[in-house]
Amino acid sequence: MSENEKQGLLTGPQSQVPGYGAPPPSGYPPQGAPPQGYPGQAPPQGYQGQAPPQGYPGQAPPQGYPGQAPPQGYQGGPPPQGGYPPQGAPAGAVPPAAGQVEQDSIPSAPPIEKMDQIAGYENVASQDPLPPPSYEEVTRAPPPTDRQIPSASVITAEQAKEAYIDFTSEHCCYGSSGAKDSSIVDLKSSSAFHYTLETFGEKRVTTWAQEPYNGQPIDGPQNGPAPGPWDLQVMASKNFQNSKSDIEVPHTASVKPCHTCVGNCRVRCNHCHGRGNNRCTWCHGNGHNRVYEDGRHHNKPCHHCNRSGQQRCNWCHGHGQVKCKTCDGKGNLKCYIKLTVTWTNHYDDHIVERTALPSELIRGVNGQTAFEEELPRVWAINHFPDPTINQASDTLVKRHSTAFPTERLLIQRHRVRIIPVNEVIAIWKNQETKFYVYGFENKVYAPDYPQKCCCTIL
Ligand SMILES: [Zn+2]
Ligand SMILES: [Zn+2]
Ligand SMILES: [Zn+2]
């Protein structure tokens, strides 16, 4: 590795890559409000005046940080110029207060102002979803017009009765004769329609991420401009299924001194507050215990702490410091921009059911798929014989086209299922009952079953 490359690993805040900020690929013409951080856009208002990362001290790259791969177990060597003052506390000694951070109070990430500026990722700290690129209208085909709707299947009175008997057998305290000895006097077949629309979208969010630096490869700005968040090829494992993926954005990594231990690799022990010892639990710090012996009270020296009242801290073994968890004791962190891609399947449906059968029951049963279509963007159905379905399709397709502004819509599918619903009148012991047989499974809905509790009727 050349000296220059090594320097590159430690490049400070000005890892801005010249030439980046080219217009986005033609497939993704930007639209609407200027997306934050999308390359090629005018920087969002307010960004212009934003000060460069002042918090990273001394503007100049931390040359003072040894111009070599950060040493393992870096212990209080020369600090980065003007930067984190590693206190150089000798192990075991109580470190000075300045620059010391206890594990409990550590921030989860390095201060944002200490991070590099990566072209196209200026607003990475906001963690807002990145506005997706717009779509090309050419992906939409003209709406199909010829949509044949198959007719719903019907059942016979015998099948209805069979389903009725099966239904009673599933309910342990329903008498079976109410179904077995009944006669079917009327059967009206109808169809319920179940329209579903699914929109599969993708959301992208970037954040700064970090991991202990062990000498792993650093793909920093020296390797080229960082690709825009929407230019990275990340595919969902399966369409119409929720999932998530994290990837490191290429050319955004750098090595920084750990913000928690300021490069010391160790932090003050929480359990003894850096003292290395704690109050003796046997004598509560008194060095002696009050005992009653030989008919009188007296102080007996505590042999657990040898009268000192102090015990060595078990957590830090008396050193007053423990290994820094943030950097795993390495002193340095690999910082990079992490892209989190979230795929969400948005599902909406509408049921048309005109009997007294509760509509939601339609969702759980099989029917005949009368129509199904999968396209980047579907057109609302407009030729279904039942106009309520056309209306529902229109409403839902319109709603989905604007409901997920932070997502790129990858693919949509919609379908209409026809579910048979049979309204049946049965007579048992001169009593007339209405029940429903629905779905290809011939499920029964019989809220008024006349023989609900066999134990009292028999
Ligand atoms: Zn003691
Ligand atoms: Zn301790
Ligand atoms: Zn650390």
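Look up a bit, the structure's there.
Definitions and limits used
- Residues numbered from 1 in each chain as written.
- Chains lettered and ligands numbered in written order.
- Predicted model: local features only at pLDDT ≥ 70, side-chain atom pairs only at ≥ 80, totals over all residues.
- Heavy atoms only, no water.
- Donors = N, O, S within 2.8 Å, 3.2 Å for Na, K, Ca; no water.
- Tetrahedral: all angles 85-135°; square planar, octahedral: opposite > 155°, others 65-115°.
- Buried < 20%, exposed > 50% of the residue type's maximum accessible area, 1.4 Å probe, protein only.
- Helix = DSSP H or I, 4+ residues; strand = E, 2+ residues; numbered from the N terminus.
- Salt bridge = Lys/Arg side-chain N within 4 Å of Asp/Glu carboxyl O.
- Core = buried A, V, L, I, M, F, W, Y, C linked by side-chain atoms within 4.5 Å.
- Contact = heavy atoms within 4.5 Å.
- Expected span 1.5 Å × (residues − 1).
- Arc of directions from axis to C-beta.

Colleague: I'd like to hear about the coordination of the zinc ion (ligand 2), residue by residue, with values.
Modeller: Taken together, the protein donors to the zinc ion (ligand 2) comprise Cys-269 (SG), Cys-272 (SG), Cys-313 (SG) and Cys-316 (SG), at separations of 2.2 to 2.3 Å. Coordination at the zinc ion (ligand 2) is tetrahedral: its four donor atoms span angles of 104 to 116° at the metal. For Cys-313, a relative accessible area of 1% puts it in the buried group.

Colleague: Can you tell me about unusual backbone geometry, naming the residues and giving the values?
Modeller: Working note: non-glycine residues mostly have negative phi, and peptide bonds are mostly trans. Despite not being glycine, Phe-240 shows a phi value in the positive range, around 60°. Among the secondary structure elements, Phe-240 is positioned in the loop between β1 (183–212) and β2 (243–248). On the basis of relative accessibility, which here comes to 11%, the residue Phe-240 falls in the buried class. Its identity is not glycine, yet Asp-294 carries a phi of approximately 50°, on the positive side. By secondary structure assignment, the location of Asp-294 is in the loop between β6 (288–293) and β7 (296–301).

Colleague: Explain the environment of Ala-125 residue by residue, including any values.
Modeller: Checked against the element boundaries, Ala-125 lands in the loop between α1 (3–9) and α2 (157–170). Overall, Ala-125 belongs to the partly exposed group, its relative accessible area being 45%. Taking C-alpha positions, Ala-125 is 9.9 Å from Pro-111, a pair spaced 14 residues apart along the chain.

Colleague: A description of the pattern of salt bridges should follow, citing residues and the corresponding values.
Modeller: Overall, the coordinates contain 16 salt bridges when judged by the stated rule. For the salt bridge of Glu-372 with Arg-415, the shortest nitrogen-to-oxygen distance reads 2.6 Å. Pair noted here: Glu-372 is in strand β11 (residues 368–375) and Arg-415 is in strand β12 (residues 407–428), with a separation of 43 residues, a long-range link. Where salt bridges share partners, they join Asp-186, Lys-188, Glu-423 and Lys-434 into one cluster.

Colleague: Give a detailed account of the coordination of the zinc ion (ligand 3), specifying residues and quantitative values.
Modeller: Protein coordination at the zinc ion (ligand 3): the donors are Cys-258 (SG), Cys-261 (SG), Cys-324 (SG) and Cys-327 (SG), at 2.2 to 2.3 Å from the metal. Note that the zinc ion (ligand 3) binds four donor atoms; their angles at the metal cover 105 to 115°, and the shape is tetrahedral. In terms of primary sequence, the donors binding the zinc ion (ligand 3) are separated according to C-x2-C-x62-C-x2-C. With Cys-258 in the loop between β3 (254–257) and β4 (266–268) and Cys-324 in the loop between β9 (321–323) and β10 (332–352), this pair connects stretches of sequence that are 66 residues apart. When sorted by exposure, Cys-258 lands in the same class as Cys-324, which is buried.

Colleague: Outline the nonpolar core, supporting the account with residue identities and numerical values.
Modeller: In globular proteins that are soluble, nonpolar side chains generally tend to be buried together. Of all hydrophobic cores here, the largest spans 29 residues; its most connected members are Tyr-121, Trp-208, Val-249 and Ile-337. Of all the elements in the fold, those that place two or more residues in this core are β1 and β10. Of all the elements, β10 adds the most residues to this core, at six residues. What Val-249 contacts, discounting residues up to four positions off in sequence, is Tyr-121, Ala-226, Pro-227, Leu-232, Ile-337 and Leu-339. Core analysis: the second largest hydrophobic core is formed by 15 residues, Ala-370, Val-378, Ile-389 and Leu-396 among them.

Colleague: Break down helix α4 (residues 387–403) for me, citing the residues and quoting the values.
Modeller: Compared with the 24 Å implied by 1.5 Å per residue over 17 residues, the 24 Å span of α4 between its first and last C-alpha is a close match. Inspection of α4 places Ile-389, Asn-390, Ala-392, Ser-393, Leu-396, Val-397 and His-400 among the buried residues, and these make up the whole buried set. End-on, the buried residues of α4 take up no more than an arc of 160°, which puts them together on one face. Counted as exposed and oriented over 90 degrees from the buried face of α4: Pro-387, Lys-398 and Thr-402. Those residues of α4 hidden inside the fold are in contact with β1, β10 and β12.

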